[in-house]
Amino acid sequence: MPFSNIFIQQETMKYDFDTIIDRHGTDALKVEALSSQKKENDLIPLWVADMDFATPPFIIETIQKRCQHPILGYTNIPESYYSSIIGWMKKRYCWDIEKESILFTPGIVPGLAFAIKCFTAPEDKVLVMPPVYHPFFLVPQNENREVVFCPLILKDGQYHIDFELFEKTVKGCKAFILCNPHNPGGRVWHAEELKRIASICARNEVLVISDEIHADLTFPPYQHTPFATVSEEAADHSLVFMSPSKTFNMAGLASSFCIIKNNRLRKKFKDFTEGSHLSEGHVFAFRSVEAAYTYGEEWLSQVLEYLQKNIVYTDRFLKEKMPRIKAIIPQASFLIFLDCRALHLSQKELVDFFVDKAHLALNDGSMFGKEGEGFMRLNIACPHAILSKALEQLEKAYHDLFE
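Residues numbered from 1 in each chain as written. Predicted model: local features only at pLDDT ≥ 70, side-chain atom pairs only at ≥ 80, totals over all residues. Heavy atoms only, no water.

Asks: Explain the packing of aromatic side chains to me, please; I cannot follow it from the model alone.
Replies: Summed over all chains, the structure comprises 25 aromatic pairs. Ring geometry for Phe17 versus Phe53: centroids 5.2 Å apart, planes at 65°, classification edge-to-face. Here Phe17 is found in the loop between helix 1 (3-6) and helix 2 (29-35), whereas its partner Phe53 is found in the loop between strand 1 (44-45) and helix 3 (57-67), with 36 residues between them in sequence. A centroid spacing of 6.1 Å and a plane angle of 75° characterise the contact between Phe241 and Phe269, whose relative ring orientation is edge-to-face. You can see Phe241 sitting in strand 9 (residues 238-242) and its partner Phe269 sitting in helix 10 (residues 263-275), a full 28 residues away along the chain. Assessed through its relative accessible area of 0%, Phe241 is described here as buried. (Phe/Tyr/Trp six-rings, centres within 6.5 Å; stacked < 30°, edge-to-face > 60°. Helix = DSSP H or I, 4+ residues; strand = E, 2+ residues; numbered from the N terminus. Buried < 20%, exposed > 50% of the residue type's maximum accessible area, 1.4 Å probe, protein only.)

Spelled out as structure tokens, the structure:
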């Protein structure tokens, strides 16, 4: 299919993902962190993992309605917050959860830090599977835990778990931080893989801390499986962190939650967060989640369609015009891990190539662990016109490199 025909906006689309929105002057990390560095003012920002689409109107309207009241005081958690989460989990994942199993956290990374502090002690071992979202190993290291690495295997264009190595490295660990779906690889783990993880971890008395922030952004025909649903062992030895923040582009609202089925684990975590005054949300934290899970199904369906088109476009563009750069096609999320090893550049040279030659700001793959060296992470959650311009800039730099 010609590139000009790949991306035709459907007339039936209710929501607009094509409008280019200027985020300068809004304290947006994606642009403000670049503009503070002098030589990087002209970079197209395709790094920080939020979208450049407008946050859905039903969330904005909910916040605006709340702001019509002149007092922004201490906030109680409404019952409708819990019921919206319960309904969303039931409808999308056939997961029956109770109100009591839901605990608020002010973001998933803070929640991971709370869990590490709560369930492990200094010098305890914590397992991660790189390349992986960098806070997975930075947070435990900052808390004086020993991080144990079980690298994933890249085979046939997707990441796979080395279960033989996992069986060995998990021994003696207190916790394992799972990225489900995986970031930066975009892999959706199968239920059988998760069940095997659960069995191994239960046998070794290892707590599984599952980050499932990208769950809702799973592309058909793949199906996300919440870790705690695969077996009784999984439910009894895990904490599952989720949030609508990535899904509905509302990360700045810092509203996430943890689902803990095991009564003992839940009590311990709840006592820790409440005892440290870490369990109270801000005035917009609860109604925004309720709005997302109550009114967001159609928006999510349409944004997934748009993102898939951007992914297909990127993959075809690379294969036809820059075959030495290969896209690891995400089964979930709007992040593409680019395998640039065939360029035969050092990591510093690779980053300089994207910044100085292509004028693009992507994530340096090495930030996800040494297994990410030779890779860059690309965020394609932007209007197609921006993505097209970025790939054209990359194509020019690519051909200049080989002239």
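Asks: Before we go on, may I ask you to explain the nonpolar core in this structure?
Replies: A general trend in soluble globular proteins is that nonpolar side chains are found buried together. Met89, Phe166, Phe176, Ile197, Phe248, Leu338 and Phe354 are the most contacted members of the largest nonpolar core, which has 104 residues in total. Sort the elements by how many residues they give to this core and helix 12 (residues 297-321) lands first, with 10 residues. Those residues within four positions of Ile197 in sequence are excluded, and the remaining contacts are Ile161, Phe163, Phe166, Phe176, Leu178 and Phe227. Counting 26 residues, the second-largest nonpolar core is a separate cluster that includes Ile108, Phe114, Val126 and Val132. (Core = buried A, V, L, I, M, F, W, Y, C linked by side-chain atoms within 4.5 Å. Contact = heavy atoms within 4.5 Å.)

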